[in-house]
Each structure stands twice: as structure tokens, then as C-alpha cells.
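Breakdown of the fold
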Amino acid sequence: MDSIKNYVEKNKERFLNELIELLKIPSVSADSAYSQDVINTAEAVKASLEKAGCDKVELCETPGYPIVYGEKMIDPALPTVLVYGHYDVQPADPIDLWTSPPFEPVIKKTELHPEGAIFARGACDDKGQMYMHVKALEYMVQNNNLPCNVKFMIEGEEEVGSPSLAWFVERNQEKLKNDVILISDTGMISNQQPSITTGLRGLSYVEVEVTGPNRDLHSGLYGGAVANPINVLAKMIAQLHDENNHITIPGFYDRVQELSRDERDEMAKAPFSLDNYKKALDIADVYGEQGYTTNERNSIRPTLDVNGIWGGYTGEGAKTVIASKAYAKISMRLVPDQDWNEITQLFTKHFESLAPAGVIVKVKPHHGGQAYVTPIDSVGYRAAAAAYEESFGVRPIPVRSGGSIPIVALFEKELKSKTIMMGFGLDSDAIHSPNEHFGVFNYLKGIETIPLFYKYFAEMNK
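Scope of this entry: the structure provided in the associated data block.

About the thresholds
- Residues numbered from 1 in each chain as written.
- Predicted model: local features only at pLDDT ≥ 70, side-chain atom pairs only at ≥ 80, totals over all residues.
- Heavy atoms only, no water.
- Pairing = 2+ DSSP bridges.
- Helix = DSSP H or I, 4+ residues; strand = E, 2+ residues; numbered from the N terminus.
- Axes fitted to C-alpha atoms, helices over the stretch in contact; angles between N-to-C directions.
- Contact = heavy atoms within 4.5 Å.
- 1 Å grid on protein atoms, 1.4 Å probe; cavity = no way out; pocket = protein on both sides within 12 Å on 5 of 7 lines; lining within 4 Å.
- Points joined across faces, edges and corners; volume = space filled by probe spheres on them.
- Patch = residues over 30% accessible without salt bridge, like charges linked within 9 Å, V, L, I, M, F, W, Y side chains within 5 Å.
- Areas by Shrake-Rupley, 256 points an atom, 1.4 Å probe, with all protein chains shown as cover.
- Salt bridge = Lys/Arg side-chain N within 4 Å of Asp/Glu carboxyl O.
- Buried < 20%, exposed > 50% of the residue type's maximum accessible area, 1.4 Å probe, protein only.
- Core = buried A, V, L, I, M, F, W, Y, C linked by side-chain atoms within 4.5 Å.
- Parallel < 35°, antiparallel > 145°, perpendicular 65-115°, else oblique.
- Nonpolar A, V, L, I, M, F, W, Y, C, P; charged D, E, K, R; others polar.
- Expected span 1.5 Å × (residues − 1).
- Phe/Tyr/Trp six-rings, centres within 6.5 Å; stacked < 30°, edge-to-face > 60°.
- Lys NZ or Arg CZ within 6 Å of the ring centre and 35° of its normal.

1. What about the sheet that holds strand β13 (residues 325-334)?
- Read across the open sheet, the four strands follow the order β11-β13-β9-β14; overall the sheet is antiparallel. Across the chains shown, the open sheet's two edge strands, defined by having one partner strand only, are β11 (303-311) and β14 (360-369). In this sheet, neighbouring strand axes are inclined to one another by 15 degrees on average, regardless of whether the strands run parallel or antiparallel.
- Both strand β9 (residues 202-211) and β14 contribute to a ladder of nine bridges, which runs antiparallel. Directly across from Tyr205, in β14, lies its bridge partner His367.
- The strands touched by helix α7 (residues 229-238) are β9, β11, β13 and β14; relative to β13, the strand with the most contacts, the crossing angle is about 15 degrees.
- Relative to the sheet, helix α11 (residues 340-353) contacts β9, β11, β13 and β14, its axis offset from that of β14 by approximately 165 degrees.

Structure follows, in C-alpha cells:
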């Protein structure tokens, strides 16, 4: 029987080539122009699960894109692991900032990845990390050492808020019944120091529209006499934070779970270099809510950020115009115990109150989700920690992530099971940005580590 290390080494090139082929398909769920590509990716994931050894694989129809479901049930008396991932990716814009085409994957060496990293949209988020689980299953089936049952639920709408997932989970609770949920859609501190994400922030995502005059106007004839929606929108956004970068929405912080000084001190033990952080981002200084460190600001504190803003003329040259409308997309990352629906309502009421009489404001909620914290004394966490320690030779550190996976709270509510987040990406992997990449080391190390989780989880459940 091959050891996992030997199996990964012998199949390294094939594992990389298979992932590269998957990354070539532009499965952008946010853009209907790519709808067939999203479907094609679902078909490719289905085929990969069949080849890896699942006894049953199907494309499950939903109101949106299909969910790929697969299972390998070896004994109903044994524990069952449910693997969640997603096959859709973020839009690649702005294309001109990529150093290589986003859907033509290439492996390039970097300072952090001397053995190479795969550059492509979806390399880390989440095709590369999802595919690690497929190859881990292949190893366990080929070597007849799968110690428990496994189910896969791979969706195609995560990057647009998973609108069909709740619908699917509610209708398939028996099919999805499990003892623990395993997700690789997060990261770790470094390739030398693994970590396990124990907390995720929630999310409220909205789009705002400010309308002034009934048409675009000549800025010479009308400038100064009517409200300019772009000027107004900029002023309204500026009022959403005070001088201490504290969010000004009334009631926004009412339910925020404050961590104790001891908990914050424990978080501070994670290795972090502020100088390296600034150097990696090419910034002179950090910026954020007064009274909190950088790692606290991006994990245990709520935030509000403008993700996009537009209106008027943005083409080449000049056009002296007062636009009829201006728009912005705004996301709020939330912490326990903020409720995303309540926060959306509070934002809407406050933002509308900031508008002068000369404009009309509309707030359109897009999607959201609740924050989540998983206990570090659960069997699932202890099994993951043991797997990382054996694979990396270092005990992993529990950390809270600033990102959001809204469906994690949904899983606990509907399926009554805990989620373990075994991420292998790095903060520098540029997910959601141009030049997204995933280290070859990280990809292969994930394949090597995941079977160890199954081993320890089965042993700890005896």
C-alpha cells in the first residue's frame, strides 16, 4: 500500500494537469455570459468524482446552477464526512492587471512559492482547494484505506451568495446527513505554520442607487443649481465612518460580541509582521478602527467597505455632464452576534436618512449570511489539528478569519453538525483579485493532509 507521500509524489504531474484543465473553464457565476461554462464545470467535477471512486454521483438541479453530489458509503455504522466546496469563480476583472490570462493557467515561481504557484482565476478560491479533496478520496479508494463514509456537495453559486443552497439543503437533509462538515475555502498563516480557521465573519452586501435629475445634464448650464448624484453619493458614503473609522449606523454595534482581553492576547500569539504586511501590499501604513490591531480589525471587528462606485462619463477624454444616476456596491463584514438581515435594515434606514431632498435613494440588498465560530474542543477540530501536525510537523494555531462563508451557519442550523475549515491557501494568493494563484506546495500538501483527517476522525469516533 502506497503511503500518501509516495502517492502524491508519483502522481504529482497528473494532479497538476487535472487541476489546470479544470481552471481553464471560466465558470463565472455572476455573469450570465458564462452560464454554459458554469454547467460545463459542474459536469467536469461530476466526472472527477466518479473517477476518484464515488459509488454515486449526480447533478442535482436547483433554481440556479446544479449542485454536484457524490458519495462513497462503506458502512452505515461508521462516521460520515460531508465535504463542501464550490466550482464557480469570481469575475476576472480587471483583465489588464493580470500578468497572464486568467483562464490560461500557468505555473510560475515566486518568492513565497519557490517550487511554483498556479496562476489562474479560481486556483485557490476554490477549485484548487476543492479538488484536493477529490484527489484525497482517490488515494484512499485506490489504497483501500478509506476509514469512514464520505459525501460531496459542490455548488456553483458561492461567489454570488449561494442563493440555491438553502433551498437544496432544506430539501435533502437525509441525503446530506453527516457527522462533520469539511471545507477547504480558507487559508493558513504560512507554509511553515499551519492554522485552522475557527471563526468566519458574516456578510451583508447591498447596492445603492442615487437619482437626481430625470436625465444627464450639461454641467455648465445646470452645475451648482441641481444636486449632482455622484457628489451626493460621495458625501453620503463619507458619512458612514467617523474620524476614528467607527461605523456611524445607529444600532450597528449593539449586538457585537466583544472578546475579552485574555482572548485578544491569545490571538496576538499568532506570528505576524506588520512591516512584512505593509511591504506585501506596498502601503506606507495600515488603516482602520481605532483601538484595535490589524489582525483584530480584519477578524473580530465588523467593517463597511465600498466595493465599487460608478456614474457619469468614464470614457476617454472629457464630457461635461451631471449624471442622472450614481451607484455603489457596499459590503459589511459582520461578527457574532450581528444578524445580517437586521444590519441590512439598519443600513437602509440610515443611508436613506443621509440623502438631501434633491435626490432619490434606493438600497437593493444582494445577499448575506451570519458569522460563525466553531469550538476547538470538538472531535472534528482535534482530528484536523492532529492531521496538520503529522503532515507539517508543527501544531496548527486556531485563528479567526476575516472572510465569510455564509452557508456555514446554515449548515449548523439545518444539518445540526459542526464545520471544520481546513484551508491551505495564503493571504498573499490574491483571491478575488488579478493574478490569483495557489502554491504547488499548498495544493499537494492539502492532498497529503486530508486523508490524515479521515484517519484521526475515524479513530476518535470509536
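2. Topic: the layout of surface pockets
- Reported here for the second largest pocket is a volume of approximately 380 Å³.
- Surrounding the second largest pocket, 20 residues form its lining, Ala166, Trp340, Gly368, Gly369 and Pro406 being those nearest its centre.
- Only α5 (165-171), α11, β14 and α13 (407-415) provide two or more residues apiece to the lining of the second largest pocket.
- The dominant element in the lining of the second largest pocket, judged by the number of residues it contributes, is α13, at five residues.

3. Section: a nonpolar patch on the surface
- Residues Leu221, Tyr222 and Val226 make up a contiguous nonpolar surface patch of about 270 Å² in total accessible area.
- By the secondary structure assignment, Val226 is in the loop between α6 (219-222) and α7.
- A relative accessible area of 32% means that Val226 is categorised as partly exposed.

4. Regarding the nonpolar core
- Within the largest apolar cluster, 65 residues are counted, with the highest numbers of intra-cluster contacts made by Val81, Tyr87, Phe424, Tyr443, Phe453 and Tyr454.
- Per-element accounting of this core gives the leading share, 10 residues, to helix α14 (residues 440-460).
- Each residue touching Tyr454, except ones within four places of it in the same chain, is listed here: Val81, Val83, Met140, Leu146, Pro147, Cys148, Val150 and Leu182.
- In terms of nonpolar packing, the next biggest core, distinct from the first, is built from 27 residues, Val208, Val210, Ile249 and Phe351 among them.

5. So, the packing of helix α3 (residues 35-52) against helix α4 (residues 127-142)
- Between α3 and α4, the least distance of the axes is 8 Å, while the angle of their chain directions is 20 degrees. Taken together, the axes of α3 and α4 lie roughly parallel to each other. Here α3 contributes Thr41, Val45, Ser48, Leu49 and Ala52 to the contact with α4, which in turn contributes Lys127, Met130, Tyr131, Val134, Leu137, Glu138 and Val141.
- Residues of the contact of α3 with α4, tallied by class, amount to eight nonpolar, two polar and two charged.

6. Topic: α11
- Look at α11: 20 Å from first C-alpha to last across 14 residues, which is about the 20 Å you get at 1.5 Å a residue.
- Within the sequence span of α11, burial applies to Ile343, Thr344, Phe347, Thr348, His350 and Phe351.
- In the core, the buried residues of α11 are packed alongside β9, α7, β11, β13 and β14.

7. Some details on the packing of aromatic side chains
- Overall, the coordinates contain 13 aromatic pairs when judged by the stated rule.
- A connected cluster of aromatic rings, assembled from ring pairs, spans Tyr388, Phe392, Phe424 and Phe441.
- It is Lys108 that lies over the ring of Phe119; its NZ or CZ is 4.3 Å from the centre.
- Note that Lys175 overlies the ring of Tyr69, its terminal NZ or CZ placed 4.5 Å from the centroid.

8. A few points about the environment of Asp126
- Looking at the element boundaries, Asp126 is found in the loop between β5 (117-119) and α4.
- Each C-alpha atom, one on Asp126 and one on Asp96, is 22 Å from the other, the two residues being 30 residues apart in sequence.
- The contact partners of Asp126, leaving out residues within four places of it in the chain, are Gly85, His86, Ser184 and Asp185.

9. A few points about the sheet that holds β5
- Reading across the sheet, the three strands line up as β4-β5-β18 and stay open at both edges, with antiparallel pairing between neighbours. Taken across any chain shown, the strands that pair with only one partner, and hence form the sheet edges, are β4 (106-108) and β18 (437-439). In this sheet, adjacent strand axes meet at a mean angle of 30 degrees when their direction is disregarded.
- Examined bridge by bridge, β5 and β18 share three bridges and lie antiparallel to one another. Within β18, the position partnered with Ala117 by the bridge is Gly439.
- Relative to β5, helix α2 (residues 12-23) is tilted by about 20 degrees, and along the sheet it contacts β4 and β5.
- Across the sheet, α14 lies against β4, β5 and β18, angled at about 60 degrees from β18, the strand it touches most.

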